[in-house]
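Take a look at the letters that make up each chain.
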Amino acid sequence: MKHAKRYLVGVSALLVLVVGGGVALGRALNKDGELMEDMTPKSLEVILGEIRSLMQDYSIEAYIVPSVDAHNSEYISEHDRRLQYVTNFTGSAGTAIITLTAAVLWTDSRYHLQAEAELDGTHWRLMREGLAGVPSRDEWLLATLSPGAQVGTDPFLIASTEYERLGGVLAGAGHRLITLERNLVDSVWNNRPPQTAEPLLPLALQYSGQRAIDKVVAVRDALHASGANGIVISALDEIAWLLNLRGSDIRYNPVFFAYALVTHERIHLFTGPERINETIRQHLRTEGLAALDVRDYRDILAGIDEYVRAGHRLLVSTSCSQALYAAIPAAQRLQEYSVLAKLKAVKNAIEAEGMRRAHVRDGAAVVRYLAWLEASVGGQPAPNTPNVTELSGAAQLHAFRRQQDLFVDLSFTAISAFGANGAIVHYSPTPDTDVPITLDGIYLIDSGGQYLDGTTDVTRTIALGEPTAFQRECFTRVLKGFLSLASAVFPTRTSGTVFDVLARKALWDAGLDYGHGTGHGIGSFLGVHEYPPSFVSNTASPSNQGVLENMFSSNEPGYYEPGQFGIRIEDIVQVVRANVTHDFNGRGALTFYSNTVVPIQRKMLDLTLLSAAELAQLNAYHRRVREQVGPLLVAQNDPAAYSWLIAATEEITIPASGNPVTGVQEVKAGGIV
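All figures in this text were calculated on a predicted structure; none of them were measured in a lab. (Residues numbered from 1 in each chain as written. Predicted model: local features only at pLDDT ≥ 70, side-chain atom pairs only at ≥ 80, totals over all residues. Heavy atoms only, no water.)

**Looking at the overall build of the protein**
For step 1, the next point in the chain: Across its full length, the protein carries 20 helices and 30 strands.
For step 2, the next point in the chain: Put simply, the protein has 673 residues, and 57% of those count as buried.
For step 3, the next point in the chain: Taking as baseline every contact in the protein between residues at least 6 positions apart, the subset at least 24 positions apart corresponds to 70%.
For step 4, the next point in the chain: Accessible surface for the protein amounts to roughly 26700 Å². Of this, 53% is attributable to carbon and sulfur atoms. (Helix = DSSP H or I, 4+ residues; strand = E, 2+ residues; numbered from the N terminus. Buried < 20%, exposed > 50% of the residue type's maximum accessible area, 1.4 Å probe, protein only. Contact = heavy atoms within 4.5 Å. Areas by Shrake-Rupley, 256 points an atom, 1.4 Å probe, with all protein chains shown as cover.)

Quick look at the structure:
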């Protein structure tokens, strides 16, 4: 671990690299012979050339560049966007492999279209994960490497479980996976943004619902059960949750850069000591953590080493980095799925109630936006009124959210996508891609907010003009899956794979599907993506821990027609007890409560595809939306949005025959409902 420790301490100095006695890459000498920074952006050709030169110095044939940071974060700071720097790809998930003659990027179906648009085909090749005939990273490496080749990686940027798995695959073919003491991308990144260290925010008990010391006690109980003396915590949201602190080091994510080491006797927090001012000290005292020991962020390996030398056994999660994992001798190391992730996923009563309140206020913001959008695009604007575009629409929605009580920030960059852009699952408009929102096409808006009492994430798909028959069919099949999941009754600890199938069946019946998961967990004023739970088809996913009461997840089936449109409907649902006669022989019966309260556009429905029960379910949902959001719109003095809401939630009449076809198709309400 000598090398790994030197790596961490020297992260800020890695722009200086002397090779064969030469001058550092990306640096120059001034007239006094001192090194000075050359901030001139480099071309991809230069970047790849310099990385390959370093690869030869390390005798490696391939170098892995992942999309995560040292904490395995999905969303990362500008300082950690190494994958984007070497590829120009801005998606949140991907892995690049650079060899001496090739550069290849793998990403999942959410980002296939985006990667096609962003990658420079001259220097990079795209591997569309999940498609037939596309080799996996393992397969490609084994087919590409020469006999006895070495593959290099940064030990802080690869999970220990993945390092062991990939290392075994390579070793089985006579190759070797090694960790390098310096990150090769950092070594050539001459204009790298500085690391963030923003002020910390104490989260009051009225929002957290549980003192930090009580959370620590729960963690220590887990240590007793596992036979460990301490636990190393590297996930940023877990540290923020444990200490009832929030930050803003990563955009839209209320977290801060830190590690934590919790033992039966002490708590060590590794972060910037200057951030722990008197306000934070007072918060820690109030939370029962007056004895918390604060150490420099870069001292985490030294802190681990101290406990290891004392003979203690340390617990780490399956998502921790190889650097942390390898710092603990095998005889003193325990590893399991994150203890804190499982604790954090089940919200306490205060958190659960806060999530409901936050979603009502957020619903008011989205309703005001949809009403404004209809008036701006579908009405008769005054002369010289500028068009509403994807960017200006997202900005207006942000403005409506800012007016809501307890609003702190957005929870992610809005996916404001019109027409063909909607088929790019995680598209976010830029000045170069921004297009007007018009009557001719479908508009998808996926957005969310961070509030002191909860985090939101909602998607609605609307037509401001008239949708085609195929668009209505696709939308309705997505809605059928959405309603099926929302109304499910199931036993405690049901796997998320069950809900994934429920959401897809109506699409599968017509030979349609979507390429992303159906549901992800969500934090309480924390990450918009949080695991567990996870509604995905992969039963081997470690986040498929089984569904428990007071877990929160998204419910978001969709359909995407490349080059034409995208459809997604998303609510945040809460796992609650089901009111049924039987409870699965004592296992406990659960169901979902939709926290999100935003109308679903009826203009997009093909009512011939919906059963009477599905229409009744939709009507009941719209009644609740009206009851919960309506008074807030009145209080916010927005009569236009209130009128829009009343029209958007009018009941769809079901004839006495129970056949939703006769007479129902003519049911209309004004505007886009």
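**Concerning the nonpolar core**
For step 1, the next point in the chain: The biggest cluster of nonpolar side chains holds 71 residues, and the ones touching the most others in it are Tyr369, Leu373 and Leu479.
For step 2, the next point in the chain: Considering every element that reaches this core, the biggest residue donor is helix α15 (residues 349–378), with ten residues.
For step 3, the next point in the chain: With residues up to four places along the chain from it excluded, the contact list for Leu373 reads Gly378, Val388, Ile437, Tyr443, Ile462 and Leu464. (Core = buried A, V, L, I, M, F, W, Y, C linked by side-chain atoms within 4.5 Å.)

**Remarks on α15**
For step 1, the next point in the chain: If you check α15, its first and last C-alpha atoms are 42 Å apart, about what 30 residues at 1.5 Å a residue would give, namely 44 Å.
For step 2, the next point in the chain: Among the 30 residues of α15, 21 are classified as buried, and the element is accordingly described as predominantly covered.
For step 3, the next point in the chain: If you check the start of α15, you find a side-chain oxygen 3.1 Å away from the backbone N of Ile350, and it comes from Asn348. (Expected span 1.5 Å × (residues − 1). Polar contact = N/O pair within 3.5 Å; in protein donor to acceptor, adjacent residues only side chain to side chain.)

**Focus on the pattern of salt bridges**
For step 1, the next point in the chain: In the structure shown here, the tally under the stated rule is 34 salt bridges.
For step 2, the next point in the chain: We note a salt bridge from Arg137 to Glu129, for which the minimum N-O separation is 3.9 Å.
For step 3, the next point in the chain: For Arg568, the salt bridge identified is with Glu556, shortest N-O distance 3.8 Å. Taken together, the positions of Arg568 in strand β28 (residues 565–568) and Glu556 in the loop between β26 (552–555) and β27 (558–561) put the pair twelve residues apart, joining distant regions of the chain.
For step 4, the next point in the chain: Exposure remark for Arg568: the relative accessible area of 1% places this residue in the buried category.
For step 5, the next point in the chain: Judged by its relative accessible area of 9%, Glu556 falls in the buried class. (Salt bridge = Lys/Arg side-chain N within 4 Å of Asp/Glu carboxyl O.)

**What about the packing of helix α17 (residues 469–486) against helix α18 (residues 496–508)?**
Two measures define how a pair of helices packs: the angle their axes make with one another and the distance between the axes.
For step 1, the next point in the chain: As a packed pair, α17 and α18 sit with axes 7 Å apart at the nearest point and diverge in direction by 150°. Regarding the angle of α17 to α18, the classification is roughly antiparallel. The element α17 and its partner α18 pack so that their crossing is right-handed. Across the interface between the two elements, Cys474, Arg477, Val478, Lys480, Gly481, Ser484 and Leu485 of α17 pack against Phe499, Leu502, Ala503, Ala506 and Leu507 of α18.
For step 2, the next point in the chain: A per-class count over the contact of α17 with α18 returns eight nonpolar, two polar and two charged. (Axes fitted to C-alpha atoms, helices over the stretch in contact; angles between N-to-C directions. Parallel < 35°, antiparallel > 145°, perpendicular 65-115°, else oblique. Left-handed = near helix turned anticlockwise from the far one by under 90°. Nonpolar A, V, L, I, M, F, W, Y, C, P; charged D, E, K, R; others polar.)

**Brief notes about the pairing of strand β3 (residues 62–66)**
For step 1, the next point in the chain: Counted residue by residue, β3 has five buried out of five residues, so it is predominantly covered.
For step 2, the next point in the chain: Alternating positions in β3 separate into two faces, Ala62, Ile64 and Pro66 on one and Tyr63 and Val65 on the other, with burial throughout.
For step 3, the next point in the chain: Inspection of the sheet shows β3 paired to strand β4 (residues 95–99) by five bridges, in the antiparallel sense. Paired with Val65 across the bridge in β4 is Ala96.
For step 4, the next point in the chain: Where β3 lies against strand β7 (residues 150–153), two bridges are found, and the strand directions are parallel. Counted as the bridge partner of Tyr63 is Gly152 from β7. (Pairing = 2+ DSSP bridges.)

**A short note on unusual backbone geometry**
A negative phi angle characterises most non-glycine residues, just as the trans form characterises most peptide bonds.
For step 1, the next point in the chain: Backbone torsion omega between Tyr531 and Pro532 reads -15°, so that peptide bond is classified as cis.
For step 2, the next point in the chain: In this model, Pro532 is joined to Pro533 through a cis peptide bond whose omega is 0°.
For step 3, the next point in the chain: Take Pro533: it is sitting in strand β25 (residues 530–535).
For step 4, the next point in the chain: One non-glycine residue, Tyr252, lies in the positive phi region at around 70°.
For step 5, the next point in the chain: With respect to the helices and strands, the residue Tyr252 is situated in the loop between β11 (245–246) and β12 (259–263).
For step 6, the next point in the chain: With relative accessibility at 13%, the residue Tyr252 sits in the buried group.
For step 7, the next point in the chain: Phi at Arg493 takes a positive value of approximately 70°, unusual for a residue other than glycine.
For step 8, the next point in the chain: On the accessibility criterion, Arg493 (53% relative accessible area) is exposed.

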